[in-house]
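# Results of the structural survey
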Amino acid sequence: MDILINVIVFLVALGIGYFIRRTIAESKIKSAEQEAVRIVSAAEKDAESKKKETILEAKDEVFRMRNDIEREVKERRNELQKNEKRLIQKEESLERKIESLEKKEEDIQKEEKAILVIKEETEALKGQQLLELEKVANLTFDEARNLLLTKIEDEIRHETAIMIKETEAQAKETADKKAREIISMAIQRCAADHVAESTVSVVDLPNDEMKGRIIGREGRNIRTLETLTGIELIIDDTPEAVILSGFDPIRREIARIALERLIQDGRIHPARIEEMVEKATKEVHQTMREAGEQATFETGVHGLHPEIIKLIGRLKYRTSYGQNVLKHTVEVSHLAGLMAGQMGLDVTLAKRAGLLHDLGKAVDHEVEGSHAVIGADIARKYNENPLVVNSIEAHHGDVDFMSVEAVLVASADAISAARPGARRETLETYLKRLEKLEKISNSFDGVEKSFAIQAGREVRIIVKPEKITDDESVLLSRKIVKEVEKNLEYPGQIKVVVIRETRAVEYAK
């Protein structure tokens, strides 16, 4: 019985549990269905709301775009109206001008008709007068004209022949004599010293011990001075003297002044040498400017541009075939002025052209072309008289002479150069070779300075350390050697030295 009761209780409990679970499940399903309905309803409401918002936004965008389009259309319409008004105004203006031109054309046609009438009347009157003249003279118009022209032509030919014959005879008698008188008088009144120069300078020393100080420890002082100036210092057995040798007179003068100052100061070391060379350079430039002013004062040539005066001063340290170019230009200016005075020409123009005729030699080592063309370009740049420019350009016969003064300048140049002791041909050839040697060295990229020393047997080249490395310095020296061998004729051999130096400079404050 107990077992049966337990089985019945178990079955009842099982049925109750199944009923309860089913009830709970149905409740959950119903709740889930309700929740699903609610979610769907909320989603529909949200979608509807978003739909309305989207429609409103679209309507706003359409409204805004419509306003923009209407505004743009309105602006374009206004612009078109303005353009239309302008076109209408231009058309009206053109119509008025056309009417005015038509009126003027009518007036011109009327005037032309009146002129034609007057011309016809004039021709008729002229014909009547010619007929009357022909009746009086018993000659036609063509016969009278030919007779008169033949008579006048014969008279002019006769008088011209007589005049030419007399002029030629007189010119033959006096031309040579007058030319000799003018030139000889000009040379006598402009006596000049011989101006052939050498390429060495001598600096006196207080004692022979100074030679050792100039050389410095392991030769650093003399190397510094030679590197900075490009001038060779010859220290030999000559008592109490140092010889400065170099083809460039400006560098040689800078070296001479710097060395004399160092000797007076007593402190000789690389830094002091650099300072003295810099001061000497400034002093030489000042001297050149003063030399230019002195040359203009001496020749009486005024009103020159300051840059031209500076270039004239540079000629103080320029030689041509051993002749000092500044002295030569002053001499040419005096000679040209004196000859112009003898011939009754413009003395001021002749002296001005004579002073400026070799102006190009101040920069001919920096600019391509002959010194005559370079000088003419410089004078033209500073608005010199065209006749002066022509005198400069034509003094070697490169162009035609435009004035007699230009011929006198060329003659004075030849007189100054041809007189005894004025020039030495070998020196100019030597200078040109050294200048070309430096020019070849400077043509390579990275070269800062180059100096031809030891009478052209050595060229020292200072390179920019930021552009040329140590290895590249070796290659650069070989390239320069090949270029020198290819383009330069020279006796013996030339030593090419490439110097690369890096410095670090700071100042204690």
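Cut-off values and rules
Residues numbered from 1 in each chain as written. Predicted model: local features only at pLDDT ≥ 70, side-chain atom pairs only at ≥ 80, totals over all residues. Heavy atoms only, no water. Helix = DSSP H or I, 4+ residues; strand = E, 2+ residues; numbered from the N terminus. Buried < 20%, exposed > 50% of the residue type's maximum accessible area, 1.4 Å probe, protein only. Contact = heavy atoms within 4.5 Å. Areas by Shrake-Rupley, 256 points an atom, 1.4 Å probe, with all protein chains shown as cover. Pairing = 2+ DSSP bridges. pLDDT = per-residue confidence, 0-100. Patch = residues over 30% accessible without salt bridge, like charges linked within 9 Å, V, L, I, M, F, W, Y side chains within 5 Å. Salt bridge = Lys/Arg side-chain N within 4 Å of Asp/Glu carboxyl O. Axes fitted to C-alpha atoms, helices over the stretch in contact; angles between N-to-C directions. Parallel < 35°, antiparallel > 145°, perpendicular 65-115°, else oblique. Left-handed = near helix turned anticlockwise from the far one by under 90°. Nonpolar A, V, L, I, M, F, W, Y, C, P; charged D, E, K, R; others polar.

Turning to the overall build of the protein, a few remarks are in order. Looking only at helices and strands, the protein has 14 helices and eight strands in total. Split into buried and exposed, the 509 residues of the protein put 32% on the buried side. Contacts in the protein between residues at least 24 apart in sequence constitute 63% of all its contacts with a sequence separation of at least 6. Surface exposure of the protein reaches about 34200 Å², of which carbon and sulfur atoms provide 55%.

Counted residue by residue, strand E6 (residues 447–453) has five buried out of seven residues, so it is predominantly covered. As paired strands, E6 and strand E7 (residues 458–463) are joined by six bridges and run antiparallel to one another. Opposite Val447, over in E7, you have Val463 as the bridge partner.

Residues at a pLDDT of 70 or more form 87% of the protein, whose mean pLDDT is 80. Every residue in residues 193–197 scores below 50 in pLDDT, and together they form 20 contacts with partners more than four places removed in sequence or on other chains.

Moving on, we get to the environment of Ile480. Mapped onto the elements of the fold, Ile480 is located in helix H14 (residues 470–487). Linking Ile480 and Ser443, residues 37 residues apart in sequence, is a C-alpha distance of 9.3 Å. Setting aside residues up to four positions removed in sequence, Ile480 forms contacts with Ser441, Phe444, Ile461 and Val496.

Bringing a nonpolar patch on the surface into the picture now. A cluster of nonpolar residues, Met1, Leu4, Ile5, Ile8, Val9, Val12, Ile16, Phe19, Ile20 and Ile24, forms a patch on the protein surface that exposes about 1000 Å² of accessible area. Its place among the elements puts Leu4 in helix H1 (residues 2–137). You can call Leu4 partly exposed: its relative accessible area is 49%.

Within this structure, the stated rule accounts for 23 salt bridges. With a closest N to O distance of 3.7 Å, Lys310 and Glu307 form a salt bridge. With Lys310 and Glu307 both in helix H7 (residues 306–314) and three residues apart, the pair spans about one turn of that helix. Given the relative accessible area of 41%, Lys310 is considered partly exposed. Here Arg380 ties to Asp377 by a salt bridge, and the two come within 3.0 Å at their closest N and O atoms. In this pair, Arg380 and Asp377 both sit in helix H10 (residues 371–381), three residues apart, roughly one turn of the helix. By relative accessible area, Asp377 is classed as partly exposed at 40%. Linked by salt bridges that have partners in common, Asp265, Arg267, Arg272, Glu275 and Lys279 make up one network.

As a packed pair, helix H9 (residues 347–356) and helix H11 (residues 386–394) sit with axes 9 Å apart at the nearest point and diverge in direction by 45 degrees. On the basis of the axis angle, H9 is oblique to H11. Both H9 and H11 take part in a crossing whose hand is right-handed. Contact residues: Leu349, Arg352, Ala353 and Leu356 in H9; Leu387, Val388, Ser391 and Ile392 in H11. A class-by-class count of the residues in the contact of H9 with H11 yields six nonpolar, one polar and one charged.

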